[in-house]
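# Structural description and commentary
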Amino acid sequence: MALPSGMKLAHYEILESIGKGGMGEVYRAKDSKLGREVAIKVLPEEFSQDPERLARFKREAKVLASLNHPNIASIYGLEQSGDTHYLVLELVEGDTLAERIARGPIPLEEAVAIASKITRALERAHEQGIVHRDLKPANVKLTPDDDVKVLDFGLAKAFLEDALAEGDSSLSPTITRDATRVGVILGTAAYMSPEQAKGKNVDRRADIFAFGAVLFEMLSGTKAFPGQDISDVLASVLKLDPDWSALPESVPSRLRDTLKRCLEKDPAERRRDIGDVRMDMAEAVRAPDPSPPAASHWRGAAVAAGVALVTGLALGLAVRGRGRETAPANDWRFALDVGPGLFLDRPTDAILAISPDGNTLAYTVYDGMATQEIHVRRMNELRIHSIAGTERAKNPFFSPDGQWLGYFTFPSDNLYKVSLEGGAPVHIAHARMYWGGSWGIDDYIYFSSRGTVYRVPAAGGEREVVLEPGSPPAAAGYRFPEVLPTGDALLVTASADPLDFEESYISILDLEGGELRRLIDRGSHARYASTGHLVYVRNGALLAVRFDLESKTVSGEPVEVVADIAFIPNSASGQFAFSNRGALAYVPPGPSAPTSRIFWRRRDGSLETPLLTIDNVQALRLSPDERSFVITAEKPWPHLYVFDLRREILSRVTAGVSTTRLFEVFPVWTPDSRRLTFSVGDFSPTWILADGSGTRERLAGSKANTYPFAWTRDAKTLVYVEATTGSGWNIGTLSPGVSETTDLLISDANETEPALSPSDEWLAYTSDESGRREVYVQAFPGLGAKVKISADGGFSPRWSRDGRELFYRDGKNLMVVAVDTRNGFSAGRPEALFEDTVPPWMDGGYDVSADGQRFLTMETLPDGANKIVFVPNWFEELKRLAPTGN
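These numbers come from a predicted model, not from an experiment. (Residues numbered from 1 in each chain as written. Predicted model: local features only at pLDDT ≥ 70, side-chain atom pairs only at ≥ 80, totals over all residues. Heavy atoms only, no water.)

### Brief notes about the overall build of the protein
This is how the line gets drawn: Working definition: helices are DSSP H or I runs of at least four residues, strands are E runs of at least two. Numbering for both runs from the N terminus. Contacts are residue-level and defined by heavy atoms, with any inter-residue pair within 4.5 Å sufficient. Residue exposure ignores everything except the shown protein chains as possible cover, and the areas themselves are Shrake-Rupley values with a 1.4 Å probe.
Along its length, the protein carries 13 helices and 62 strands. The long-range fraction of contacts in the protein, counting pairs at least 24 apart against all pairs at least 6 apart in sequence, stands at 49%. Carbon and sulfur atoms form 48% of the exposed surface of the protein, whose accessible area is close to 35500 Å².

### Some remarks on the sheet that holds strand β18 (residues 404-409)
The criterion, for reference: Two strands form a pair only when DSSP identifies at least two bridges running between them. Axis lines are fitted to C-alpha atoms, over the contacting stretch for helices. Their N-to-C directions set the angle, which ranges from 0 to 180 degrees.
Strand order in this open sheet of 4 strands is β17-β18-β19-β20, and the pairing throughout is antiparallel. What marks the edges here is a single partner per strand, and that holds for β17 (393-398) and β20 (426-430). On average, adjacent strands in this sheet sit at an angle of 25° to one another, irrespective of strand direction. The pairing of β17 with β18 spans 4 bridges and is classified as antiparallel. The residue of β18 that forms the bridge with Lys394 is Phe408.

### Quick word on the pairing of strand β4 (residues 36-42)
The line we're drawing: Working definition: with a 1.4 Å probe on protein chains only, accessible area under 20% of the residue-type maximum means buried, over 50% means exposed, and in between means partly exposed.
The buried fraction of β4 is high, at 5 of 7 residues. Where β4 and strand β6 (residues 84-90) come together, 5 bridges link them in antiparallel fashion. Looking across to β6, one finds that Val42 is bridged to Tyr86.

### Details of the nonpolar core
So the rule is basically this: Among buried residues, the Ala, Val, Leu, Ile, Met, Phe, Trp, Tyr and Cys ones that are joined through side-chain atoms within 4.5 Å form a nonpolar core.
Counting residues in hydrophobic clusters, the biggest one holds 51 residues, and the most contacted among them are Leu97, Ile118, Leu135, Phe153, Phe211, Leu215 and Met218. Counting residues per element, the ones that place at least two in this core are α3 (97-101), α4 (108-127), β8 (140-142), β9 (148-150), α8 (204-220), α9 (230-239), α10 (253-262) and α11 (274-286). Here Ile118 is in contact with Leu97, Leu135, Val140, Val148, Val150 and Phe211, once residues within four sequence places are set aside. With 21 residues, the next largest nonpolar core counts Val562, Phe578, Leu584 and Ala882 among its residues.

### Here's the deal with the confidence of the model for the protein
The predicted coordinates should not be examined in detail at positions where pLDDT is low. For clarity, the threshold we go by: As a per-residue measure, pLDDT tells how confident the predictor is, with possible values from 0 to 100.
Looking at the protein, the pLDDT average stands at 81 and 81% of residues meet or exceed 70. Predicted confidence for residues 158-187 stays below pLDDT 50, and this span has 53 contacts to residues more than four positions away or in other chains.

### Remarks on the side chain of Thr857
Of note, Thr857 is situated in strand β61 (residues 854-860). Judged by its relative accessible area of 5%, Thr857 is buried. When neighbours within four sequence positions are excluded, Thr857 is seen to be in contact with Arg597, Ile598, Phe599, Arg601, Leu620, Thr837, Val838, Gly845 and Tyr846.

### Here we look at the sheet that holds strand β26 (residues 489-495)
Across a sheet, strands are paired by hydrogen bonds formed along the backbone, either parallel or antiparallel in direction. Strand order across the open sheet formed by 4 strands is β25-β26-β27-β28, with antiparallel pairing between neighbours. At either end of the open sheet lies a strand with only one pairing partner, and these are β25 (477-483) and β28 (516-520). Each neighbouring strand pair of the sheet contributes to a mean axis angle of 30°, computed without reference to strand direction. Here 5 bridges tie β25 to β26, and the two strands are oriented antiparallel to one another. By the bridge assignment for β26, Tyr478 is matched with Ala494.

### Here we look at α8
To keep it simple, the criterion reads: Any helix carries an expected span of 1.5 Å times its number of residues minus one.
With 17 residues, α8 extends 25 Å between its outermost C-alpha atoms, agreeing within 8% with the 24 Å of an ideal straight helix rising 1.5 Å per residue. Phi for Gly221, located one or two positions after α8, is positive at around 80°.

### Brief notes about the packing of aromatic side chains
Note the cut-off: For Phe, Tyr and Trp, rings pair up if their centres lie within 6.5 Å, where Trp contributes its six-membered ring, and each pair is then called stacked (planes under 30 degrees apart), edge-to-face (over 60) or tilted (otherwise). Only Lys NZ and Arg CZ are tested; either one counts as a charge over a ring when it is within 6 Å of the ring centre and within 35 degrees of the ring normal.
What the rule picks out here adds up to 23 aromatic pairs. Plain terms: the ring middles of Trp874 and Phe875 are 6.1 Å apart, the flat faces sit at 50° to each other, and that makes the pair tilted. Overall, Trp874 belongs to the buried group, its relative accessible area being 0%. Chaining the aromatic ring pairs together yields one cluster made of Phe397, Phe408, Phe447 and Tyr454. Geometry around Trp244 places Lys260 over its ring, the cationic atom sitting 5.6 Å from the centre. Of note, Arg601 hangs over the ring of Phe834, and the distance from its end group to the ring centre comes to 5.0 Å.

### Some details on the packing of α4 against α8
Counted only if it meets this: Geometric relationships in this document are graded by angle, where less than 35 degrees denotes roughly parallel, more than 145 denotes roughly antiparallel, 65 to 115 denotes roughly perpendicular, and other angles denote oblique. Handedness of each helix crossing follows the sense of rotation of the near helix against the far helix: counterclockwise by less than a right angle gives left-handed, clockwise gives right-handed.
Axis separation between α4 and α8 bottoms out at 10 Å; the angle between their running directions is 165°. Judged by the inter-axis angle, α4 sits roughly antiparallel to α8. Considering only the axes of α4 and α8, their crossing is right-handed. Two secondary-structure elements touch here, α4 through Leu108, Ala111, Ile114, Ala115, Ile118, Thr119, Leu122 and His126 and α8 through Arg204, Asp207, Phe211, Leu215, Met218 and Leu219.

### Quick look at the side chain of Asp31
Rules: Polar contact is the term for a pair of N or O atoms within 3.5 Å; when the atoms are in protein, one must be able to donate a hydrogen and the other to accept it, and sequence-neighboring residues count only if both atoms are side-chain atoms.
With respect to the helices, strands and loops of the structure, Asp31 is situated in strand β3 (residues 24-31). Within the structure, Asp31 has its side chain in polar contact with the backbone nitrogen of Lys33 (distance 3.0 Å). For Asp31, the residues in contact, after removing those within four places along its chain, are His11, Tyr12, Arg36 and Val38.

### A look at the pairing of strand β52 (residues 762-767)
Working note: regular strand, side chains alternate between the two faces of the sheet. Counted residue by residue, β52 has 6 buried out of 6 residues, so it is predominantly covered. Of the two faces of β52, the one carrying Trp762, Ala764 and Thr766 and the one carrying Leu763, Tyr765 and Ser767 are both buried. Joining the antiparallel neighbours strand β51 (residues 751-756) and β52 is a turn of 5 residues, in which Asp760 adopts a positive phi near 65°. Alignment of β52 against strand β53 (residues 774-779), held across 6 bridges, turns out to be antiparallel. Bridge pairing in β53 places Trp762 opposite Ala779.

### Quick look at the pattern of salt bridges
Worth spelling out the cut-off: In what follows, salt bridge is the name for a side-chain nitrogen of Lys or Arg lying within 4 Å of a carboxyl oxygen of Asp or Glu.
This structure, assessed with the given rule, holds 35 salt bridges. Salt bridges sharing common partners tie together Glu16, Arg28, Glu37 and Glu93.

### Observations regarding the packing of α8 against α10
Rule in force here: Each residue is assigned to one of three groups, with Ala, Val, Leu, Ile, Met, Phe, Trp, Tyr, Cys and Pro labelled nonpolar, Asp, Glu, Lys and Arg labelled charged, and all others, Gly among them, labelled polar.
Interaxial distance between α8 and α10 falls to 8 Å at its minimum, and their mutual angle equals 140°. Judged by the angle between their axes, α8 and α10 are oblique. When the axes of α8 and α10 are compared, the crossing they make is left-handed. Here Ile208, Phe209, Phe211, Gly212, Leu215, Phe216 and Leu219 of α8 lie close against α10, whose contacting residues are Leu255, Leu259 and Cys262. Along the lines of polarity and charge, the residues of the contact of α8 with α10 split into 9 nonpolar, 1 polar and no charged.

### Notes on the environment of Pro144
Relative to the helices and strands, Pro144 is located in the loop between β8 and β9. Judged by relative accessible area, Pro144 falls into the exposed class, the value being 67%. As for Pro144 and Asp95, which are separated by 49 residues in sequence, their C-alpha atoms are 8.3 Å apart. The residues contacting Pro144, other than those within four sequence positions of it, are Glu93 and Gly94.

### Observations regarding α9
So the rule is basically this: As used here, the arc is the angular range of directions from the helix axis to the C-beta atoms.
Three or more residues of α9 are buried, namely Ile230, Val233, Leu234, Ser236 and Val237. Buried residues in α9, looked at end-on, bunch into an arc of 155°, giving them a common side. Exposed residues pointing more than 90 degrees away from the buried face of α9 are listed as Ser231 and Lys239.

### Quick look at unusual backbone geometry
In this structure, the amide linkage connecting Phe780 to the following residue, Pro781, adopts the cis form with an omega of 0°. Assignment of secondary structure puts Pro781 in the loop between β53 and β54 (787-788). The residue Ala10 is not glycine, and still its phi comes out positive at about 55°. Positive phi, normally seen in glycine, also occurs at Phe480, with a value near 50°. Mapped onto the secondary structure, Phe480 falls in strand β25.

### Here's the deal with the environment of Val492
Position of Val492 relative to the elements: it lies in strand β26. Distance from Val492 to Pro481, taken between C-alpha atoms, is 4.6 Å for residues 11 residues apart in sequence. Ignoring any residue separated from it by four or fewer positions in sequence, one finds Val492 in contact with Val453, Leu467, Tyr478, Arg479, Phe480, Pro481, Tyr505, Ile506 and Ser507.

### Considering the environment of Pro4
Within the secondary structure layout, Pro4 lies in the segment before β1 (8-9). Looking at Pro4, the relative accessible area reads 47%, which means it is partly exposed.

The following block contains the structure:
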């Protein structure tokens, strides 16, 4: 029964019908609670009247609701009003891809851009074990702002799970009600994989087949598998190949090969990973069609294929028979998966390194509490090794002999080295706000710390200044030092602004004479290649320019040699590394920033409607009056934003203040919810009215490199964390208007994240004194014996408003501990409340409601950050693309 305009389902008012299909009718509706429009999909009556089937659907819908990606339309909930069961979905405006194709074939560049976003949506779902099963142009929306949203993820399985389990192929996603009517299901049947058409179990390769059919149709304007009726269409899917001549001549042969791999009838012959398909597409459209390979190239191909089999690499460019042209061996790419359940570290720093001989790859990954751990992959082994003791490591780099790795640590801010043969890491020096290191042939390590370049003996010792900000030509800071193989000069990335490296340039320092010359405008992260080039980053591309090692001069025009790598403009970091022998490794570009979803989660783990979706959230705190919450979001600089929970409006707190290029981090509410305290500029505590009015004021007594964390109830004392050179992170207090500060917790360990109990009598905090982060409690302000709270690692403590419970994260779950403060302090056994969805790199990231029954929390799912592209013979390609004339 159709729902009339104006009808209400709970707090949803039906506005109009916007679509109909076998899985239900879809309506535009107004959510009166949140004041937004949504899509309502009413389930078929015969479906909703089957309790067992409905229960199965609810379980599946809960999984689907966990999908969070910019290119996936969200499922907000499964609701019931009377006898009507319905899904509440994100309302996506714009034409469907089917409507766009109906106007004619889509030009190559536009089609690949759309297809790339579809692959990203599929990749996210596949990572979570979800297969779409019904991908087609009608399920893809093209939004007015040129974005792409894939609809109805996994709903085919949710609707038909019981029938498919019984092997009833008549209820496959394409053979539903009205299946005998011509045209009713053609749009779906034409995108089915052969195994799906046969009623067999399907996996993510079915989505890859459907994707191939969709891409074919975008490019050609015709269906890959046409037919007059359902029988014709299914026969085409099962027996016939697409009419490849229907593709425009402008479609490169490599892209045709990619399509053929996607549309293989046998799933065993089909592309297995949609992320690899995306990389294939990118390579196909930016590289010219190759000429037929010479015999020597075939020998190189055989060797490369052998390497792929031994190391478990996924072949990035298809090498198959059947008369297809094959790219030269030196153009091949391999996609390396960093390991199950692991993701590459955030790309604000350099995250990978390759040994001088090209045989070993090192990169930093995260998983739960093991944030920024270094993993090593040797190219002649299957196993991936994690290096013990490198938790929270960053910026790895190799020694000239390839036997050692140098790296930095956060938050302790130190430089270490560790042997690849085993053994404990060795401390070298303190390094605050580090930006890259390089190990010279003189056995000195050169590194950037707070914009100054230092060097220190690799065996440890006193560090000495090599290059300070302000050295001619004038520059505010230097990053990514790289010692040339001659050992007599140093490449550096420079900028006139210490915090903004978007307009960076490359200089060279004569280590003997001290002369500093500007080499390259608009570039960063320069590295010397023995082919006679400097290779560097500009706007996410790798460029190469001729470089004479003897005269230390560049000549000629730069040439783009790799079109897309992961790159962060304001840090100028590019994710690439190459060996002395010519092997290249790089991280393909992901989204410009990780997308976060903020929501309330009940104590039983169930979710409420999401409150806000925003990029690159770095902090989250609920106001004491629970009317607002504050976040720090990077756009591209970290600024404070307040979300009004009643009006559902997000506002930048410092919008009227000229702070474009200053960090605003570690926000903390004052007890009356009127002010926000945060660190800014030189990381000194500052406060401002939470409504953005007035001016910000530096708190008297505050000093650089201190971060606010908690106020006492009377707002007379602020507990902060200080980053020091000698003893890591320590805890202290200051009082507004008083110049002196008080040291509270100082030790060789790192003490961070202080949280005051509601009575101000107890201080919870995080310390790594045991070798990993744990939560402790001590009396405040007069410290006594400490009580360990966490049992198996812990951080980010939060008190309940009544002081009877203490919450913390352990990297896997949000934990709770009952505490008793009536007669001293005692604590119970830690218990898990629900799975922790806050990004592992983010400390905090959640807060507790006054009644202790709800938690303001968030999730950020990595996207496209678990693969490294490996090019074994890249120098040959480099010499061809940027000849030196030698």
